[in-house]
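Observations on the model geometry
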Amino acid sequence: MTPASPAPSPTSPHPPQPPATPARRLLPLAVPAIVVGVVCALILLGVSLLAEQFQDVLWESLPDALGVGRFSSVWMVVMLTATGLAVGLVLRAVPGHGGPDPATTGLVDAPMRPGIVPGLLLVTVLALAGGVSLGPENPITAANIALAFWLGRRFAPGAPGELWVALAAAGTIGALFGTPVAAALILSEALASQPGPGAFWDRLFAPLAAGTAGALTMSLIAEPSFGLSLPAYTGPHWGDLLSALLIASAGALLGLLAVYAFPVAHRVFTALRHPVLALTAGGLVLGLLGALGGHLTLFKGLDEVKTLAGDPDGWSAGEFAGMAIVKMAALVIAATCGFRGGRIFPSVFAGVSLGLCAHALVDAVPPPLAVSCAVLGVLLAVTRQGWVSLFTAAVMVGDASVLPLLCAATLPAWLLVTGRAQMQLDTEGKSLR
């Protein structure tokens, strides 16, 4: 008998690699991955289009018919308060009450019961249309994971449940960003921390196929664009390095302020004891914040941020700073009073506002550099996902020449946020770390 080979030394320069998965086992995953990705994109597209149509009614047709200014302070307060009341009443009536407390959930969580999905999608549409400062990513991802897990276990019971979670998450994230790269980056952080058989790219094969299918479906139908109309970046220059480090750190600090305010705001709304009352009160506060910051601080922020970037010299430094602070405050209120929604897109708006504030204060700081670094810092604090923060910051300006400075700016910003509280609570209302 041939003696077994000695185990590699822990200090060996060539540690053992996980065995590769044969192609004959990966190929059958392509079809269900593509189907899941396409369906996830269609659900996201349907919810987004429905919300946009309803938004036009609430913010254009209705105020015009009543002879009220579309974005007058009174209308913003009335509309957001009414949205909170409507969402609260729907959550009270629907099965499952829209799932767990949104302050305790992340972007990718365990599957919920499929019966919760219709009510969750309904309140998501109401919040998006009503002007709540949250994006669609968290509830849509949760809904798609629930449906994919339920159908996958029903029609392919032999497949591991984790597969359907990964496929639905990748398909939804790919559709949200219009590229599978975002899905691959987010899942790569999760896969790196989870032991499992097969090489890394073998484990990423099916989710990447789902993300590609979701991204292509969304791109072919809706043609999403995240690029901002900012002046071209002509750097890098030595002076830009200091600017990048300072602005990204300032963005991280702004994000951390929101993170530490998160459990405090949650306790305040929880003390109201009744979800309908908490959501109505939250809607009222959001309306007042909208009246303070202006109508650009309403909604998820993706369209509004393009308005800001289209005229980087159109507001003063104080106005940009005010919008960044109001948006982060609105994000905290919306996510703690009970509205269902994601935190990435509002954080991007706050980061863009902060970056343009830096440019307004120091004209020599190029707008693309200031915006990308501020977005990077805020997202690092809010999401704690380094790759997706770096990717989003780079995509917003669409210029690869800022990447070296962004990588450098990541370092001090990460040192500020690592090990600190996160913008997510446990079931006892305490911040996760």
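These lines cover the structure that appears in this document, whether it is placed above or below. (Residues numbered from 1 in each chain as written. Predicted model: local features only at pLDDT ≥ 70, side-chain atom pairs only at ≥ 80, totals over all residues. Heavy atoms only, no water.)

Scanning the protein from N- to C-terminus turns up 16 helices and zero strands. In terms of overall dimensions, the protein is globule-like: its C-alpha atoms have a radius of gyration of 22 Å, near the 22 Å expected for 433 residues. Seen through its C-alpha atoms, the protein measures out along the principal axes to roughly 90 × 60 × 45 Å. Out of the 433 residues in the protein, the part that is buried amounts to 52%. In the protein, the proportion of contacts linking residues at least 24 apart, taken out of those at least 6 apart, comes to 77%. Entry remark: accessible area of the protein is about 19,000 Å², with carbon and sulfur atoms responsible for 68%. (Helix = DSSP H or I, 4+ residues; strand = E, 2+ residues; numbered from the N terminus. Rg over C-alpha atoms; globule rule 2.2 N^0.38 Å. Buried < 20%, exposed > 50% of the residue type's maximum accessible area, 1.4 Å probe, protein only. Contact = heavy atoms within 4.5 Å. Areas by Shrake-Rupley, 256 points an atom, 1.4 Å probe, with all protein chains shown as cover.)

Our next topic: helix α10 (residues 275-293). Think of an α-helix as 3.6 residues a turn; residues three or four steps apart then line up on the same face. Over its 19 residues, α10 runs 26 Å from end to end, which matches the ideal 27 Å to within 8%, given 1.5 Å per residue. Residues V276, A278, L279, T280, G282, G283, L286, G287, L289, G290 and G293 constitute the buried set of α10. Each element contacted by the buried residues of α10 is listed here: α3 (73-93), α9 (238-270) and α12 (317-337). Positioned one or two residues after α10, G294 has a phi angle of 95°, which is positive. (Expected span 1.5 Å × (residues − 1).)

We now examine the pattern of salt bridges. Per the stated rule, a full pass over the model turns up one salt bridge. The salt bridge involving D64 is made with R70; its shortest N-O contact spans 2.6 Å. R70 gets classed as partly exposed once you look at its relative accessible area, which sits at 36%. (Salt bridge = Lys/Arg side-chain N within 4 Å of Asp/Glu carboxyl O.)

Turning our eyes to something else, we now look at a negative patch on the surface. On the surface, a cluster of negative charge is made up of E52, D56, E60 and D303. Examining the composition of the negative patch, we find that three residues originate from one element, helix α2 (residues 30-66), more than from any other. Inspection of the secondary structure puts E60 in helix α2. For E60, a relative accessible area of 35% gives the class partly exposed. (Patch = residues over 30% accessible without salt bridge, like charges linked within 9 Å, V, L, I, M, F, W, Y side chains within 5 Å. Lys, Arg positive; Asp, Glu negative; His and termini not counted. Charge placed at Lys NZ, Arg CZ, Asp CG, Glu CD.)

In this section: helix α6 (residues 161-177). Between its first and last C-alpha atoms α6 spans 25 Å; for 17 residues at 1.5 Å apiece the expected length is 24 Å, and the two agree. Burial analysis of α6 places 16 of its 17 residues in the buried class, the great majority of the element. Positive backbone phi, approximately 75°, marks G178, located one or two places after α6.

Each pair of aromatic rings is reported with the distance of its centres and the angle of its planes. Overall, the coordinates contain five aromatic pairs when judged by the stated rule. Among the aromatic residues, those joined into a ring-pair cluster are W59, F71 and F299. A cation sits over an aromatic face here: K300 above F345, 5.9 Å from the ring centre. Note that K327 overlies the ring of F349, its terminal NZ or CZ placed 5.2 Å from the centroid. (Phe/Tyr/Trp six-rings, centres within 6.5 Å; stacked < 30°, edge-to-face > 60°. Lys NZ or Arg CZ within 6 Å of the ring centre and 35° of its normal.)

Another point: the packing of helix α14 (residues 367-383) against helix α16 (residues 403-417). Two numbers describe how α14 lies on α16: the axes approach to 9 Å, and their chain directions differ by 30°. Here α14 runs over α16; the crossing is right-handed. Note on element contacts: α16 touches α14 through L405, L406, A409, T410, A413, W414 and V417, opposite L369, S372, C373, L376, L380 and A381. When the residues that make up the contact of α14 with α16 are grouped by side-chain class, the tally is eleven nonpolar, two polar and no charged. (Axes fitted to C-alpha atoms, helices over the stretch in contact; angles between N-to-C directions. Left-handed = near helix turned anticlockwise from the far one by under 90°. Nonpolar A, V, L, I, M, F, W, Y, C, P; charged D, E, K, R; others polar.)

In this section: a nonpolar patch on the surface. Together, L42, L216, L220 and I221 make up an exposed nonpolar region whose accessible area comes to about 430 Å². Here L216 lies in helix α8 (residues 200-222).

Next up on the list: the nonpolar core. The biggest cluster of nonpolar side chains holds 140 residues, and the ones touching the most others in it are W59, L286 and F339. Broken down by element, this core gets its largest block of residues, 13 residues, from α12. Here F339 is in contact with T83, G84, V87, P102, A127, V132, L134, L279, G283, L286 and A334, once residues within four sequence places are set aside. (Core = buried A, V, L, I, M, F, W, Y, C linked by side-chain atoms within 4.5 Å.)

Purely geometric stuff here, so don't read any function into it on its own.
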